[in-house]
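Secondary and tertiary structure notes
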Amino acid sequence: MRPLNDNVLVELDSREERIGLIHVPEAHRRRPSFGTVTQAGPIASVAVGDRVCFSPLSTKDIEKENGHHTVLLRDSELMARVVQGELHPFDDRVVLSIRANEEKIGSIYLAEIHRESSHQADVIAVGPGRLMDNGSRLPVSVAVGECVIIGEWAGFEIEFDGKTYRMVREEEIVGVCE
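Residues numbered from 1 in each chain as written. Predicted model: local features only at pLDDT ≥ 70, side-chain atom pairs only at ≥ 80, totals over all residues. Heavy atoms only, no water.

1. Structural notes on the overall build of the chain
- On a plain count of helices and strands, the chain comes out with one helix and 17 strands.
- When burial is assessed residue by residue, the chain has 38% of its 178 residues classed as buried.
- Across the chain, the fraction of contacts at a sequence separation of at least 24, relative to all contacts at a separation of at least 6, is 60%.
- If you sum the accessible surface of the chain, you get close to 11,100 Å²; carbon and sulfur atoms cover 50% of it. (Helix = DSSP H or I, 4+ residues; strand = E, 2+ residues; numbered from the N terminus. Buried < 20%, exposed > 50% of the residue type's maximum accessible area, 1.4 Å probe, protein only. Contact = heavy atoms within 4.5 Å. Areas by Shrake-Rupley, 256 points an atom, 1.4 Å probe, with all protein chains shown as cover.)

Dropping the structure here:
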């Protein structure tokens, strides 16, 4: 198969738990995945050999003859490129490190179910901005190092380099901490 336009074929990393027709629980299907671009359409923003992070929500699974699990993606489904061990988000995506919830108020410890979900996060990486119809980029309005506020269900949780991050679109950021 040869992808057209901005479509790409991505071979999943070997540690992925997606094998053929075996049922994968919903919680695992919604986790972003990592893989390597094996083929790219002529106007795709990535090249063969690039390692990328993507959301598998709207992928088309393709089983290659060599047994490696491959997915067909549109360029817009790619969330970040991995370059020299760092995440580089695409377009208006932002990588966040969620701040920990407080375990107690004063000297009273709270049960986990009573703690509010954390809405504050530190910006770790920022994409170049949304691509506009005229070809220019609208820069992202937050910068690395800033504290931001996000909705409880914003973005996708990703595990990268032994740490947990949240990947969101700029529109999911509702404010900057003061």
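Read on, since the account is not over.
2. Topic: the environment of K60
- Looking at where K60 falls in the secondary structure, it is placed in strand β4 (residues 60-63).
- On the basis of relative accessibility, which here comes to 58%, the residue K60 falls in the exposed class.
- In this view, K60 contacts T70, V71 and L72; residues no more than four positions away in its chain are not counted.

3. Quick notes on the packing of aromatic side chains
- If you walk through the whole model with that rule in mind, you get one aromatic pair.
- Judged by centre distance (5.8 Å) and plane angle (25°), the rings of F34 and F160 are stacked. Residue F34 is found in strand β2 (residues 33-40), and its partner F160 is found in strand β15 (residues 156-160); the two are separated by 126 residues along the sequence. There is no split in this pair, since F34 and F160 are both buried. (Phe/Tyr/Trp six-rings, centres within 6.5 Å; stacked < 30°, edge-to-face > 60°.)

4. A short note on the pattern of salt bridges
- On inspection of all chains with the given rule, the structure shows six salt bridges.
- Here D6 makes a salt bridge to R74, at a shortest N to O gap of 3.3 Å. You can see D6 sitting in the segment before β1 (7-12) and its partner R74 sitting in strand β5 (residues 69-74), a full 68 residues away along the chain.
- Residue classification places D6 among the buried residues on the basis of a relative accessible area of 16%.
- Overall, the relative accessible area of 44% leaves R74 in the partly exposed class. (Salt bridge = Lys/Arg side-chain N within 4 Å of Asp/Glu carboxyl O.)

5. Some words on unusual backbone geometry
- At N5, a position not held by glycine, the phi torsion is positive, near 50°.
- Here N5 lies in the segment before β1.
- For D161, which is not glycine, the phi torsion reads 55° and is therefore positive.
- Within the secondary structure layout, D161 lies in the loop between β15 and β16 (163-169).

These values are about where atoms sit, not about what they do.
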